[in-house]
Every structure is written in C-alpha cells, then in structure tokens.
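# Topology and contacts: notes
What follows is the residue order along each chain.
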Amino acid sequence: MNMIEPKAGYHHGDLRAQLVEAVRGLIERDGPDDFSVAEASRLAGVSSGAPYKHFKDRDAILKAVALGGLQRLGERMAAASDSRTYGTQEAIDAIGLAYVQFALDEPAIFRMMFGMKRKCGPDENLEATGMSAYSVLIGNVAAYRGLGADDPIVQRDSHILWTIVHGHATLRIDGMAKAGTEATTDEELIMDAGRRVLAPLSS
C-alpha cells in the first residue's frame, strides 16, 4: 500500500488547497468512492470537521479535485501546443500525447474527472474548465484547416481526434493497450490518427 505522509502543519489560507491535495493523493491510492475525509483531514493536519468549513459536502470536495485535474490537463495541453508551431500537425500530435501522458500519470483522477457529471450532476465550473482545455485542440485544428473554430469541419475533426485519444488513454490506464508491445507506440498511433483525420478536404 502506498503511504501518504501527513503535513507537519499548515497556513490558514492554504487549508483548502492542502485538503484538495490530500484527497487527490487518497483518490489515486483508493479511488473516488473509498477515500476517507477523516484521513484527508489527518494528512492536512486538521480536525475531521475542518473540511466542512470549506466544502459543503463530500461531493464538493470531489468536484474541487476534479477541477484541479482539468486545470492541470489544460495546462499540459497548452504547454504541448506552445512547444510546437501553432496550428501544425506536430502541435496537434503533441497535444494528444500530453493528454495520454496525463492519464498515465493520474489515472484515478482522469477517470473521476470524466465521471463527475454522472456522479454529482452538471457543474458549470467543471464544464467551463473542461472546455477551456478542449479549446486548445480546437484552436490548433482551426488554424491547421484555415477555418474558424466554429466551422462544422473543425468541430467534427476535433471531436474525432479527442474521441480517439481519450479512448486510447482509457485503454492504456486499464491495461488493455500497452505501448511498445503492440503494433504501435502512443506517438505512432496518435500521429497516424491525426494524419487520417486531418487529411486534405475533397474539393
């Protein structure tokens, strides 16, 4: 069992962030259904009632953890885009690889992020943060196609690319697609999918 060390102390203004970080570690270890708020409190160095000064209930804590995950995913996608020339196939490939790598680094958080609507109902903040991450892909596809972000072709291509990459990431963390032991690596699969989806449009 992975051990998570408790905090030696905290600054009052950081308590909310420390609780979220403690719960994040517990979710990666135990899953979103089995983590203990009491243990998260212990790890943050506070009483078991302290979280409820910052969160309405357990679902609110989960939403905060999911929100942090979506923000980190968006940051990785943006950094991947910035590492290449904007609107190129290379930038789009890099975004896809960053997405898969995030899933591999934080598998339990990744699963939870995309199950929050079913578990806790819709949340405008989560949806807006998720769309902000997705817009990194849409913007690059639009630039690649030379079309507006709202163009149906751009929306279609972006959705297909996301579907492929999200599906592959899910298979990877479920142990059903092992990079390096199958026909292709993550990079080869994403590059091939991108070139097929973004093939020149018929005139």
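Structure shown above.
Residues numbered from 1 in each chain as written. Predicted model: local features only at pLDDT ≥ 70, side-chain atom pairs only at ≥ 80, totals over all residues. Heavy atoms only, no water.

## Concerning helix α2 (residues 37-44)
To keep it simple, the criterion reads: With a 1.4 Å probe rolled over the protein chains alone, any residue whose accessible area is under 20% of its type maximum counts as buried; one over 50% counts as exposed, and the rest are partly exposed. Elements are defined by DSSP. Helices are runs of H or I of four residues or more, strands are runs of E of two residues or more, and each kind is numbered from the N terminus. The contact definition used throughout considers only heavy atoms, calling two residues in contact when any of these lie within 4.5 Å.
The buried fraction of α2 is high, at 6 of 8 residues. Among the structural elements, α1 (15-30) and α3 (58-82) are those in contact with the buried residues of α2. At the C-terminal side of α2, Gly 45 shows a positive phi close to 80°.

## Some remarks on the pattern of salt bridges
Here is the rule: Here, a salt bridge means any side-chain nitrogen of Lys or Arg that lies within 4 Å of a carboxyl oxygen of Asp or Glu.
This model, assessed by the stated rule, comprises 14 salt bridges. Lys 63 is the partner of Asp 123 in a salt bridge, and the nearest nitrogen-oxygen pair spans 3.6 Å. Highlighted residues: Asp 123 in the loop between α6 (116-120) and α7 (124-145) and Lys 63 in helix α3, separated in sequence by 60 residues. Overall, Lys 63 belongs to the partly exposed group, its relative accessible area being 21%. The partner of Asp 186 in a salt bridge is Arg 172, and the shortest N-O contact between them spans 3.0 Å. Taken as a pair, Asp 186 in helix α9 (residues 186-197) and Arg 172 in helix α8 (residues 152-173) lie far apart in primary sequence, 14 residues in all. Three or more residues joined by partner-sharing salt bridges are found here, namely Glu 21, Arg 24, Arg 72 and Glu 106.

## Some words on the packing of aromatic side chains
Defined as follows: The criterion for an aromatic pair is that two Phe, Tyr or Trp rings (for Trp, the six-membered ring) have centres within 6.5 Å, with stacked assigned to planes under 30 degrees apart, edge-to-face to planes over 60 apart and tilted to the rest.
By the definition in use, this model includes 4 aromatic pairs. Relative to Phe 110, the ring of Tyr 99 has its centre 5.7 Å away and its plane inclined at 90°; by these criteria the two rings are edge-to-face. Of this pair, Tyr 99 sits in helix α4 (residues 89-105) while Phe 110 sits in helix α5 (residues 107-113), and the two are 11 residues apart along the sequence. Residues Tyr 99 and Phe 110 agree in their burial class; the two are buried. Ring plane angle 55° and centroid distance 5.9 Å describe the contact between Tyr 134 and Trp 162, whose orientation is recorded as tilted. Highlighted residues: Tyr 134 in helix α7 and Trp 162 in helix α8, separated in sequence by 28 residues. Since its relative accessible area comes to 28%, Trp 162 is described here as partly exposed. Through pairs of rings, three or more aromatic residues link up here, namely Tyr 99, Phe 110, Phe 114, Tyr 134 and Trp 162.

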